[in-house]
Amino acid sequence: MDPVLTKYVREPNSYTLDFFLKHEGYAGLKKALAMQPNDVIEAVKASGLRGRGGAGFPTGMKWQFVDKKTPNPKYIACNADESEPGTFKDHVLMERNPHLLFEGCLIGCWAIGAKVAYIYIRGEFFHVQRVLEAELAKAYAQGYAGKNVMGSGWDCDIVIHRGAGAYEAGEETALIESLEGKRAQPRIKPPFPAVEGLYNCPTAVNNVETLCNLPAILINGADWFAKLGPEKNGGPKLYCLSGHVKKPGVYEASMNTTLKELIFEYAGGIREGHQLKAVIPGGSSVPILMPDQLDIPASFDSVQKAGSMLGSAGIIVMDETTCMVWAAMNLMHFYKHESCGKCTPCREGGDWLFNILAKIERGDGELRDLDLLTSVSNNIAGKTLCAFGDAEATPPLTTLKNFRAEYEAHIREGRCTVPADWRGQVLVEAGH
Amino acid sequence: MSFHPLMPYGTRDWHRSERVLLPKGEPFAYTPERAAKLEDTCAMYPPERRKSAVLAALYLVQEQQGYLTASALRHVGEFLRITPAEVEDVATYYVMFFKAPVGKYVLQVCRTLSCALAGAERVTESLSEKLGLKVGETDASGMFTLVEFECLGACDRAPVVMVNNEHWHEKATPESCGKLVEDLKARGVAALTGCHLNVEHL
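Residues numbered from 1 in each chain as written. Chains lettered and ligands numbered in written order. Predicted model: local features only at pLDDT ≥ 70, side-chain atom pairs only at ≥ 80, totals over all residues.

### Points about the interface of chain A and chain B
Contact residues are listed per partner, giving 61 residues for chain A and 56 residues for chain B. Breaking the side of chain A that touches chain B down by element, the ones donating at least two residues are helix H5 (89–96), helix H7 (126–141), strand S3 (157–162), strand S5 (236–243), strand S6 (249–254), strand S8 (314–319) and helix H14 (324–338) of chain A. Looking at the side of chain A that touches chain B residue by residue, the classes come out as 25 nonpolar, 23 polar and 13 charged. (Contact = placed C-beta atoms within 7 Å. Helix = DSSP H or I, 4+ residues; strand = E, 2+ residues; numbered from the N terminus. Nonpolar A, V, L, I, M, F, W, Y, C, P; charged D, E, K, R; others polar.)

### Focus on the pairing of strand S7 (residues 276–280) of chain A
Residues and elements named next belong to chain A. Here S7 lies mainly inside the structure; 4 of its 5 residues are buried. Where S7 and S8 come together, 4 bridges link them in antiparallel fashion. Residue pairing in the sheet places Ala278 in a bridge with Met318 of S8. (Buried ≥ 20, exposed ≤ 12 C-beta atoms within 10 Å, placed from the backbone. Pairing = 2+ DSSP bridges.)

### A short note on H14(A)
Residues separated by three or four positions in an α-helix point in the same direction, a consequence of the helix having 3.6 residues per turn. Compared with the 21 Å implied by 1.5 Å per residue over 15 residues, the 21 Å span of H14(A) between its first and last C-alpha is a close match. Burial of H14(A) is extensive: 15 of the 15 residues sit out of reach of the surface. (Expected span 1.5 Å × (residues − 1).)

### Structural notes on the sheet that holds S5(A)
Residue and element names in this part refer to chain A. In spatial order, the strands read S6-S5-S8-S7; together these 4 strands make up an open sheet with mixed pairing. Lying at the two open borders of the sheet, with one neighbouring strand each, are S6 and S7. In this sheet, adjacent strand axes meet at a mean angle of 30° when their direction is disregarded. Looking at chain direction, S5 and S8 are connected through 4 bridges and run parallel. Within S8, the residue paired with Gly243 across the bridge is Val317. (Axes fitted to C-alpha atoms, helices over the stretch in contact; angles between N-to-C directions.)

### Quick look at the domain arrangement of chain A
Residues and elements named next belong to chain A. Taken domain by domain, chain A consists of domain 1 (17–227), domain 2 (236–319) and domain 3 (324–413). On a C-alpha basis, the centres of domain 2 and domain 3 stand 23 Å from each other. With 8 residues of domain 2 at the contact, the number on the domain 3 side is 10 residues. (Domains from an automatic or database assignment.)

### Remarks on the sheet that holds strand S3 (residues 161–163) of chain B
All names here are of chain B. Overall, mixed pairing links the 4 strands, which are arranged S2-S1-S3-S4 in an open sheet. Taken across any chain shown, the strands that pair with only one partner, and hence form the sheet edges, are strand S2 (144–149) and strand S4 (167–169). Adjacent strand axes in the sheet meet at a mean angle of 25° when their direction is disregarded. Here strand S1 (residues 105–110) runs beside S3; their pairing, made up of 3 bridges, is antiparallel. In the strand pairing of S3, Val109 is matched with Val161.

### A short note on the environment of Leu5(A)
Tracing the chain through its elements places Leu5(A) in the segment before helix H1 (17–22). Beyond its immediate sequence surroundings of up to four residues, Leu5(A) is in contact with Leu93(A), Cys212(A), Pro236(A), Leu238(A) and Glu252(A).

### So, the nonpolar core
By size, the foremost hydrophobic cluster in this structure holds 200 residues, and its most contacted members are Ala77(A), Cys78(A), Cys105(A) and Ala57(B). Those residues in contact with Ala77(A), other than ones at most four positions away along the chain, are Tyr118(A), Tyr120(A), Leu175(A), Ile176(A), Leu179(A), Leu198(A), Thr203(A) and Val205(A). (Core = buried A, V, L, I, M, F, W, Y, C linked by C-beta atoms within 7 Å.)

### So, the packing of helix H1 (residues 32–42) of chain B against helix H2 (residues 54–65) of chain B
Residue and element names in this part refer to chain B. Two elements in contact, H1 and H2, have axes separated by 10 Å at closest approach and are oriented at 165°. Taken as axis vectors, H1 and H2 run roughly antiparallel relative to one another. In this structure, H1 crosses over H2, and the sense of that crossing is right-handed. Where H1 approaches H2, its residues Arg34, Lys37, Leu38 and Thr41 are matched on the opposing element by Ala56, Ala57, Leu60 and Gln64. (Parallel < 35°, antiparallel > 145°, perpendicular 65-115°, else oblique. Left-handed = near helix turned anticlockwise from the far one by under 90°.)

### So, the environment of Thr124(B)
Following the sequence through the fold, Thr124(B) ends up in helix H6 (residues 120–131). Sequence spacing of Thr124(B) and Ala190(B) is 66 residues, and the spatial spacing of their C-alpha atoms is 21 Å. When near neighbours in sequence (up to four residues on either side) are disregarded, Thr124(B) contacts Gly424(A), Val109(B), Arg111(B), Val135(B) and Glu148(B).

What follows is the structure, encoded as structure tokens:
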């Protein structure tokens, strides 16, 4: 599959408006503005575009749920809070093709009747934000955003809103809360943002990559998009390969591509002299897949069928030098730190899961700690306001399921049985 | 949750419900330029929703004063027409705000899985050794603060270090930390690699 989204990311100046305009820039928006908003939604539905933020929810359907009858303003909130461990595709898109994102936001606004799109960009991406702001100013200056967009008579604004360090702000209702100037804590759903979102108005929260796919759908057609991948898993997909691979990076491929191909061909395979041990296919919040489970298409449906999820397509590859107890502990530190604190199971359970794993990692573990890990995890998953709880419970459960023997060896021998030279000597608890 | 270098986070005695009291600090008011900038930011949201600009407001405080104090939060509340409690709610939640003085260079090393697999733990230890600091501390000269951060979203260029919430350094190695520290002292943020996709502009 020829690259669509990342076709020009290695070319100098690919981020500029001039370059964009020379390469079908804003042609999708032009088409959209000549269509009825509802027809744009139908086209997106027909394309089968699924959200690229992690949930894979059909975008056309999400837009269809937007309450268009209310007199309240509608909003598009672009989720550029990319914080899922192992994920860095939006980083590349925003930095190298910001106008594609602006075009996607504007198409989305036209489709659902919004006049403002807020791009919620994580605070740590300030170097990316500078590019976005400079290019947005140029888009405004040349009439691609703001008043009378492309001479259509329609006004639409794009506002860049900087976050300040909170993984939970990537959850759609927590993102809305953060946009409103509060703590990034989720709301109960229903009501869904499409009905009551930002400022209690209908809002569609869409991931950067999702929005970046819209221009191509309008230019090349919904059919073209749907046929690029397996059924119901169409369109180009960005995969983030990281960890113990020779060539980590963002790779664009169709969802027909297998995980095995992505790891061993695109990313060059495992680093010299080592063997694959485990793979997290979709960012740290999804279960592990073992080496014999990788001959499957890297699509939403196939990965789900195999027992994991494609999620944000953040493929983290671990070789045999990785201690799975340590890996689970590393991720539990992330989750306990990032828990917003609203739901008791997640807030308290996250701390405890980390403490138990640290205890095992230090060499003080007991066999009953494994039962405790399981029971605490099961008391978090499914019992929280948002999917963070499920994500938080995943590392202990999935590593226990696939590597129980390693945990038991750790406990029996009172030490890490998979030492590695790239690990540190000191266990840093939470000295931030 | 918010973590800051000089607060006693992470101890068993710390409970999240405990009220965070920021030091009062000097009386604070935005410079005219910053006040104007913040007013422009407020204009990007509905007029009755000035609260949406609170994160921008706190960044401006940090730019002006280096860190947040209770006086500054009070001023932000007045400016945005919200209560000091609402500002404090946000200031204590987000990780990128400093609630005590920090060094000239705050080295924020990513510690999450992909960077850790690439050796980030050893980078942190190496920096810790070179600077003579434990994670979370600022050195006596006020030049460096060393903290750990969660996934910075550049996992293919791991290990990644952010500096002062704005600057970026990629593919740090334990061996190159000594040179990085010396370079920072000599040349400031020009010593950093920047984002490798970003290198030729900005």
